[in-house]
Every structure is written in structure tokens, then in C-alpha cells.
Number of protein chains: 2
Amino acid sequence: MSELRQAQLADALLRIAADRGLDRVSVREVASAAGVSIGAVQYYFSTKDEMLAFAFRQVVDRTRARVSRLEPGAGPRQTLAAVLRQLLPLDARRLAECRVYLAFAARATTSPTLAAIQNATLAAIHEELRQTLAALPAPPSGHPVLHPVRDARLLLALVDGLMFDAVTAPTALPPAIAAKTLDLYLERLLPGSH
Amino acid sequence: MSELRQAQLADALLRIAADRGLDRVSVREVASAAGVSIGAVQYYFSTKDEMLAFAFRQVVDRTRARVSRLEPGAGPRQTLAAVLRQLLPLDARRLAECRVYLAFAARATTSPTLAAIQNATLAAIHEELRQTLAALPAPPSGHPVLHPVRDARLLLALVDGLMFDAVTAPTALPPAIAAKTLDLYLERLLPGSH
């Protein structure tokens, strides 16, 4: 698929996810929103699962591209916070991405193909977080020791949970509060760091 | 709705959620799985959203019933761990409940009715966690101070995130590891407690 065509289709899917969800979306709608033919859409994904897998991969790629463009923060804690904020619904674009992720993940519970993608994606993020945590200086004495493997799991679950709560219950957890909650966690995890 | 009928329909929805998801379920299938007439199903929920709201409320009620039957643990930390484990997919029943929760929550992103239920449910759980944390003795000196409001948010997000990761990516986060990850978090949050 050409990159331009991929971007057109991904933009259309993100707009539909933002407006009314990917739940009952039809091939016709995606084609119309992307300004391409129905045949072109069917050429790229012939089933709903393939469409969700495509949309999710695009979200992952876009998130990774944003992360790679981030300026380093004042210290490891601020850098980590800036990276993880890319996964929270802090603006319209990220909210649409989170909705794609939720629709994809909910479907992964009963689709082995989607489950394999979700398992590989979380394993990759876990490994990157583990490496980041393993490279940090030891915490000041008297503070809990970091366990890179387990702390990467905790951090990944926390960010997924903040995303989940802020997207599905934004009155109970406004996205800005989700970001502050993440900051509180990182301050305790990396005391003395910036 | 009679309690017996409610239980029949809820059991049927949980079985379908476990087997193949609630994504494309029809009224006919629910009726057949519950052993009731199509008319009876339509009487109780006329839309897919009403069906998901019903299934989610049943999951919340059943989880609360299990929590109320728990024996107190050796101390506040073990009691809290036992309560929060009711929300993780640690057996077939809880896995089915989690799948209902995910299907419901994913749909809540685009249904104001479901979003209102999800907001109220998370706000209620947050308030209960806040009260539990506020009633705990102060941590030993040198340990981080508990902030009941913020720590209740953190704990709720962490449990939702562990649930989300373990249900959608059980290879990357096996449910038993999710439970151990929760224990690690609670040991740090409540040092010196049992």
C-alpha cells in the first residue's frame, strides 16, 4: 500500500473512531471518508478484524513517530513522563487514537489474530520500558529498589489503566488529572530524579 | 424483571462473552442461550446498548456480592488485595466478567448512556477506595505519605490496567503475573502492613 493511501485510510478511520466509534462502521463509510473507492478499501482490508489491525498499527506507528520527535526532558523522569503522555488522551488526536486502541483491544479478546498483535505490541513496549528503567541510576538509599521487569509491567498497566479510565469515564477521570496521576506515580518511582 | 430471569439472562450473556464476545451477538442467540423467548429478551433490552448496560450492571452486582462475602485478611493490605483480585481475570468466571466490562467500556466511548453508567461506577469505586485508604494508619516515617484521593485514582487505574492487559494480552501479561504485580504495588503503598 502506498504511504499516501495508508495515511488517507488511517485518517479516515481515526475520524470515524472519534465521531461515532468503529463499532458499526461499514466499508462504504470508510471509502467515503477517505475519498477512495470501495474496491480500494476492500483491497486493503477484507474483514473488520483486518481493518482494526490496520488502524491499530497506524496508531502505534504514529505514536512511535511522535515519541521519536520529543526533545529530551530535564532528566529521566521528565523524559519518561513526556513519552508516556503520548499514550494518554490529552488532545483530540490522542483521544481518537485511544478509541481505536480500545476498539481493537476489546475485539482482541475473541480474535486470535488481533490477540497476537496485541500481545506482541505490549511485549515490545514492556521490553522498552524495562530497558529504560534498567539504565537509570540506583535510587537514593531508603527508597524502594527498582525491579526493571516488574516495574515495567506496573508502569505499562498504569498507563493503560489511566488511558482506559480517562477515555471511558472522562467525568470520573478527566484526562488532565490522569496526566497528573501519572506524574505522582513517576515522582515516587524515581525520587530525586528530574 | 424477576431475579431468576435476570440471572438467566446474565448467565447467558457471560457465556456468550466468554465464548465469542458480545460484538455481534443477536437477540435470538441470547434468547436461545438463556432458554427464554425472543420476546422476553426484547422486553428487557430493546437495543444493544441496553443489553450491554444490563450485562455490565450484573457484573458489578456479582463482583460486589463476592467482595461482601470475603473473609477479612491478616491486615489491611491483604484485605485490599483480596478485594481488588475480584476485578482481575483470575478464573473463568472473572475472565468472562472482564470481557463484558471491556465490551461495555469500549462502547461507552461513543454512547452517552453507557458513558454515564461507566462514570458513575468508576466514581463510586474511587470513593470506596478513597475511604479505605483514608482509614489506614499513617505509614512508617521515611515512607511516602498516602494521598487518599490521588492514591485511590492510581489504584483504580492500576487495577483497570492490569485487567486490560491481562485480558487483551494474556501472553504478555498472564493473569497470575498481573495479581503478583498488584501485590508488589500494594507492598510499596502500604509498607509494614499485612
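Residues numbered from 1 in each chain as written. Chains lettered and ligands numbered in written order. Predicted model: local features only at pLDDT ≥ 70, side-chain atom pairs only at ≥ 80, totals over all residues. Heavy atoms only, no water.

In the annotation of an unreviewed UniProt entry, chain A is listed under the name TetR family transcriptional regulator and assigned to Streptomyces yaizuensis.

What follows concerns the overall build of chain A. Counting its secondary structure elements, chain A contains nine helices and zero strands. When its helices and strands are written in sequence order, chain A yields α-α-α-α-α-α-α-α-α. Here the C-alpha coordinates of chain A stretch approximately 65 × 35 × 30 Å along the principal axes. For chain A, buried positions account for 47% of its 194 residues. Looking at chain A alone, contacts between residues at least 24 apart form 65% of all its contacts between residues at least 6 apart. Carbon together with sulfur atoms contributes 56% to the accessible area of chain A, which is approximately 8,700 Å² in total. Taking the average place of the 22 positive charges on the side chains of chain A and the average place of its 18 negative ones, the gap between the two points comes to 2 Å. (Helix = DSSP H or I, 4+ residues; strand = E, 2+ residues; numbered from the N terminus. Buried < 20%, exposed > 50% of the residue type's maximum accessible area, 1.4 Å probe, protein only. Contact = heavy atoms within 4.5 Å. Areas by Shrake-Rupley, 256 points an atom, 1.4 Å probe, with all protein chains shown as cover. Lys, Arg positive; Asp, Glu negative; His and termini not counted. Charge placed at Lys NZ, Arg CZ, Asp CG, Glu CD.)

The subject of this paragraph is the interface of chain B and chain A. Facing the 49 residues of chain B at the interface are 49 residues of chain A. Of the roughly 3,800 Å² buried where chain B meets chain A, counting both sides, 64% is carbon and sulfur surface. Of all residues in chain B, Leu154, Phe164 and Arg188 of chain B bury the most surface against chain A, accounting for 16% of the area lost on that side. The tally of links from chain B across to chain A stands at four salt bridges. Of the charged contacts in the structure, one is a salt bridge between Arg188 of chain A and Asp151 of chain B, with a shortest N-O distance of 2.7 Å. Counting every contact that joins chain B to chain A gives 14 residue pairs in polar contact (both at pLDDT 80 or more). (Buried area = accessible area lost by both parts, 1.4 Å probe. Salt bridge = Lys/Arg side-chain N within 4 Å of Asp/Glu carboxyl O. Polar contact = N/O pair within 3.5 Å; in protein donor to acceptor, adjacent residues only side chain to side chain.)

Once that is clear, we can look at the relation of the copies chain B and chain A. Each copy of the sequence occupies a distinct position, and chain B is placed on chain A by a rotation of 180° and an axial shift of 0.0 Å, giving an RMSD of 0.0 Å. In short, the pair behaves as if placed about a two-fold rotation axis. Considering only C-alpha atoms, the residue of chain B closest to the rotation axis is Gly161 of chain B, which sits at 1.8 Å. Counting the interface residues of chain B, we find that 100% of their copies in chain A are interface residues as well, pointing to one common contact surface. (Least-squares fit on C-alpha atoms with pLDDT ≥ 70 in both.)

As annotated by UniProt and renumbered to match this structure, "DNA-binding region" (unreviewed entry) occupies residues 26–45 of chain A. For residues 26–45 of chain A, the end-to-end C-alpha separation is 12 Å, with 75% helix and 0% strand making up the annotated structure. (UniProt positions renumbered as here; feature names shortened; annotations may be inferred.)

Time to look at helix H6 (residues 92–108) of chain A. The terminal C-alpha atoms of H6 of chain A, which comprises 17 residues, lie 24 Å apart, in line with the 24 Å expected from a rise of 1.5 Å per residue. Burial analysis of H6 of chain A places 13 of its 17 residues in the buried class, which makes it a mostly covered element. (Expected span 1.5 Å × (residues − 1).)

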